[in-house]
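# Results of the structural survey
These are the residues of each chain, in order.
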Amino acid sequence: MSKPRILIARKIFPEVIERLSQHFDVEANQDDMLWSDAELTERLKDKDGALTTGTQPIGAELLAACPRLKIVANMTVGYNNFDVAAMTAAGVLGTNTPDVLTETTADFGFALLMATARRVTESEHYLRAGKWTRWSYDMFAGTEVHGSTLGILGMGRIGQAIARRGAHGFGMNVIYHNRSRLAPALEAECKARYVSKDELLANADHLVLVLPYTPESHHAMGAAEIARMKPTATLINIARGGIVDDAALAQALKDRTIAAAGLDVFEGEPAVNPWLLQVPNVVLTPHIASATVKTRLKMSDLAADNLIAYLAGRAPLTPVNEPAHPRLSRN
Ligand code: DGY
């Protein structure tokens, strides 16, 4: 019997390709070409499954053109590249990689918060430029982290991991806003207090965004929301581009209506709003919050495990939908 065929849409760890090759006829992309939607569709026409990295859009048109496709396994926790309703209707399973990246991503959220509040990159650029000639009392004086108020917008697993770091590690007063309130035991463990979004914006010294990107969360932090923040506050986005109105944020940073921002994700990335590149009070990183070797390997392994299980007729580990009429008839 011939093996199912899969496409690996971007370059990944060779050992994961090797493992997948034991189960599947694999087309890999180790040259890391960035395919157009049409080219992705063309390559998926004869495939049973795909391993994607979160930037390949999977929508109705592609699904209609790829009748063999049964599963798309993202090696990311966010899956805003999936049209979930279209996948469910087409009988195609989607999977993501929750849990394995939670602590690593929370570590990075904190690193970005610290770097932003304490002006780490701005001061390093100054030093590298040879501008450091003497000490002065207010040189790169930033914002306090310990004991301050940490606001978290979106309180899933990563939000909770950031809350624990803030409350237990830095003695921060943690407040959060989320679509649904956490169970009391979880709130107590995270030492986090539920507040309205308005209260969150008005009181956070450091506001970290960790919510999924959906049509509802588009520009959840626009000009009006940013204007409600304290002039001394910092804004950290490790969630998705599009949640913040980057142009409005650049203006606020320029006008110093908030103190600083730390951004790992951008609207239209990898392009970055040019105004953000002009302001000094922003720390910019290229979407690396989950990027440790160990975690990226775990993410690829989990995506591979989903493909292996599902295409063998077993239950997927981390599904994001439940197709009513799966293209795969399960055992
Ligand atoms: C995720 O897993 O969603 C991260 O943003 C990495 O892409």
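These remarks concern the structure in this document. All of these numbers come straight from a predicted model, not from anything done at the bench.

Once that is clear, we can look at the packing of aromatic side chains. Inspection of the entire model under this criterion finds four aromatic pairs. Each ring, one from Y79 and one from F82, has its centre 6.1 Å from the other, and the planes form 40°; the classification is tilted. Consider the rings of Y126 and F140, whose centres lie 5.0 Å apart with planes at 75°: the pair is edge-to-face. Of this pair, Y126 sits in helix α6 (residues 120-128) while F140 sits in the loop between α6 and β6 (149-153), placing them 14 residues apart in sequence.

The next point concerns helix α1 (residues 14-21). Every buried residue of α1 is listed here: V16, I17 and L20. Along the axis of α1, the buried positions cluster into a sector of 100°, meaning they face one direction only. In the core, the buried residues of α1 are packed alongside β1 (5-8), β2 (25-27), β3 (49-52) and α13 (293-311).

Pairing is parallel in the open sheet, where five strands are placed in the order β2-β1-β3-β4-β5. On the outer flanks of this sheet lie β2 and β5 (93-95), each paired with one strand and no other. Neighbour-to-neighbour, the strand axes of the sheet open up by a mean angle of 15°, direction not taken into account. In the packing of helix α2 (residues 37-44) onto the sheet, contacts are made with β1, β2 and β3, and the angle to β1 comes to roughly 155°.

In this section: the sheet that holds strand β7 (residues 173-177). Pairing in this open sheet of seven strands is parallel, and the strands run β8-β7-β6-β9-β10-β11-β12 from one edge to the other. Only two strands of the sheet have a single neighbouring strand rather than two, namely β8 (192-194) and β12 (282-284). With direction set aside, neighbouring strand axes in the sheet form an average angle of 20°. Alignment of β6 against β7, held across five bridges, turns out to be parallel. Looking across to β7, one finds that I152 is bridged to Y176. Packed on one face of the sheet, helix α11 (residues 246-255) meets β10 (234-237), β11 (260-263) and β12 and runs near 145° to β11.

Now for the site of the ligand. Every residue near the ligand is listed here: T76, V77, G78, L101, R240, H287, S290 and M299. Within the contact set of the ligand, an oxygen atom lies 2.7 Å away from a backbone nitrogen or oxygen of V77. One of the side-chain nitrogen or oxygen atoms of H287 is found 2.7 Å away from an oxygen atom of the ligand. Here the ligand loses 86% of its free accessible area of 230 Å² to cover by the protein chains. Counted by class, the shell around the ligand contains three nonpolar, four polar and one charged residues.

Before going further, it helps to spend a moment on the side chain of T52. Here T52 lies in strand β3. T52 gets classed as buried once you look at its relative accessible area, which sits at 1%. Among all residues touching T52, those that are not within four sequence positions of it are A9, I58, V72, A73, N74, M75, N81 and F82.

For the rest of this paragraph, the subject is the pairing of β11. Of the two faces of β11, the one holding A260 and G262 and the one holding A261 and L263 are both buried throughout. Across four bridges, the pairing between β10 and β11 is parallel. By the bridge assignment, L235 is partnered in β11 with A261. In this region the chain leaves β10, passes through α11 and returns to the parallel neighbour β11; the handedness of that crossover is right-handed.

Moving on to the nonpolar core. Counting 49 residues, the largest nonpolar core has L20, L150, I152, I162, I238 and L307 as the members making the most contacts within it. Secondary-structure elements contributing two or more residues to this core are β1, α1, β4 (71-74), α5 (102-117), β6, α7 (157-170), β7 and α13. Apart from the residues within four sequence positions on either side, I162 is in contact with A106, F110, L150, I152, V208, V210 and I238. Core analysis: the next-biggest nonpolar cluster, separate from the first, contains 30 residues, L200, A204, V244 and A252 among them.

What counts and how
- Residues numbered from 1 in each chain as written.
- Predicted model: local features only at pLDDT ≥ 70, side-chain atom pairs only at ≥ 80, totals over all residues.
- Heavy atoms only, no water.
- Phe/Tyr/Trp six-rings, centres within 6.5 Å; stacked < 30°, edge-to-face > 60°.
- Helix = DSSP H or I, 4+ residues; strand = E, 2+ residues; numbered from the N terminus.
- Buried < 20%, exposed > 50% of the residue type's maximum accessible area, 1.4 Å probe, protein only.
- Arc of directions from axis to C-beta.
- Contact = heavy atoms within 4.5 Å.
- Pairing = 2+ DSSP bridges.
- Axes fitted to C-alpha atoms, helices over the stretch in contact; angles between N-to-C directions.
- Near = heavy atom within 4 Å.
- Polar contact = N/O pair within 3.5 Å; in protein donor to acceptor, adjacent residues only side chain to side chain.
- Areas by Shrake-Rupley, 256 points an atom, 1.4 Å probe, with all protein chains shown as cover.
- Nonpolar A, V, L, I, M, F, W, Y, C, P; charged D, E, K, R; others polar.
- Right-handed = clockwise from strand over helix to strand, strands pointing away.
- Core = buried A, V, L, I, M, F, W, Y, C linked by side-chain atoms within 4.5 Å.

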